[in-house]
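# Commentary on secondary and tertiary structure
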Amino acid sequence: GLGDVYKRQILSPLIVLAGVIWSNLNVRSQIRASVENARLQSKASVVSAGRLRWIDAIREDVSEFLALQLAYRHAFDAVARNGPDRAGWEQRRTEAMRDMEMLYTRIELRLTAGKPKHDRLLGSLPPIMEGSPTALRDQAAIQEVKDSARDLFYSEWKRLRGELSRGMADDAPEIPVD
């Protein structure tokens, strides 16, 4: 009878209070998760922008390197053809080789030694810097530069997409890229 009514009057507010407390804890947990997700997405955006700039810089460097190799080859041919009138071409050839060497160093500093795809790209550059008529026309060596660069760019794009999809979570496993 009367005892049950008193129990219900006491238990009902306690149940409602427990529900309010539980709901409040759940909302706080959702807010914390949302804040953490936003932090990870922000970090991923910053890292992605940096990686994108790095990929573009390497692409520009390799393109410029190949253009200089072509300029050097044309200057080399002009020196051979022009005999006594070759002083200007000698200077162009010297400048092109100097610029190629500086660009090689810049590419080397942008890459990470010990990573196979980075080492492959860097190793493909010296054969076309040799300066001999054979090296200047070695289409297989020139193609190796292009192929190794494309391979590196593709793997870095895959890595970038993986980082974005994982939101750069601190505990997310690194995608191995060699």
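Residues numbered from 1 in each chain as written. Predicted model: local features only at pLDDT ≥ 70, side-chain atom pairs only at ≥ 80, totals over all residues. Heavy atoms only, no water.

With that out of the way, let us pick up the packing of aromatic side chains. Throughout the structure, instances matching the rule amount to zero aromatic pairs. One Lys or Arg, R59, reaches over the ring of F153 and ends 4.7 Å from the middle of that ring. (Phe/Tyr/Trp six-rings, centres within 6.5 Å; stacked < 30°, edge-to-face > 60°. Lys NZ or Arg CZ within 6 Å of the ring centre and 35° of its normal.)

On to helix 5 (residues 139-166), then. End to end, helix 5 covers 40 Å across 28 residues, agreeing with the expected 40 Å (1.5 Å per residue, within 8%). N-capping of helix 5 is provided by D138, with a side-chain oxygen placed 3.2 Å from the backbone N of A140. (Helix = DSSP H or I, 4+ residues; strand = E, 2+ residues; numbered from the N terminus. Expected span 1.5 Å × (residues − 1). Polar contact = N/O pair within 3.5 Å; in protein donor to acceptor, adjacent residues only side chain to side chain.)

With the rule as written, the count across this model stands at ten salt bridges. Note that R51 and E156 form a salt bridge whose closest N and O atoms lie 3.2 Å from each other. Of this pair, R51 sits in helix 1 (residues 2-82) while E156 is found in helix 5, placing the two residues 105 residues apart along the sequence. Assigned by exposure class, R51 and E156 land together as buried. (Salt bridge = Lys/Arg side-chain N within 4 Å of Asp/Glu carboxyl O. Buried < 20%, exposed > 50% of the residue type's maximum accessible area, 1.4 Å probe, protein only.)

On the surface, I10, L11, L14, I15, L17, I21, W22 and L25 cluster together into a nonpolar patch covering about 880 Å² of accessible area. The topology assignment puts L25 in helix 1. Of the residues examined, L25 reaches a relative accessible area of 48% and is grouped as partly exposed. (Patch = residues over 30% accessible without salt bridge, like charges linked within 9 Å, V, L, I, M, F, W, Y side chains within 5 Å. Areas by Shrake-Rupley, 256 points an atom, 1.4 Å probe, with all protein chains shown as cover.)

A few words now on the nonpolar core. In this structure, V62, F65 and I107 are the most contacted members of the largest nonpolar core, which totals 27 residues. With eight residues, the single largest contributor to this core is helix 1. The contact partners of I107, leaving out residues within four places of it in the chain, are D61, V62, F65, L122 and L125. (Core = buried A, V, L, I, M, F, W, Y, C linked by side-chain atoms within 4.5 Å. Contact = heavy atoms within 4.5 Å.)

Another point: helix 3 (residues 116-124). Taken together, the buried positions of helix 3 are occupied by K117, H118, L121, L122 and S124. With its buried residues spanning 165° around the axis, helix 3 presents them on a single face. (Arc of directions from axis to C-beta.)

With that out of the way, let us pick up the confidence of the model for the protein. Keep in mind that low pLDDT regions are not for reading the predicted coordinates in detail. Chain-level pLDDT for the protein is 80 on average; 83% of the residues reach the 70-or-more range. Within the protein, the lowest mean pLDDT, 73, falls on helix 4 (residues 133-136), and the highest, 96, falls on helix 3. In this model, residues 169-178 is a region of pLDDT below 50 whose contacts with residues beyond four sequence positions or in other chains number 16 contacts. (pLDDT = per-residue confidence, 0-100.)

Turning our eyes to something else, we now look at the environment of Y104. Tracing the sequence through the fold places Y104 in helix 2 (residues 87-110). Look at Y104 and you get buried, because its relative accessible area is 18%. Separated by 18 residues in the primary sequence, Y104 and L122 place their C-alpha atoms 8.0 Å from one another. Setting aside chain neighbours within four positions, we find Y104 in contact with F65, L122, L125, P126 and M129.

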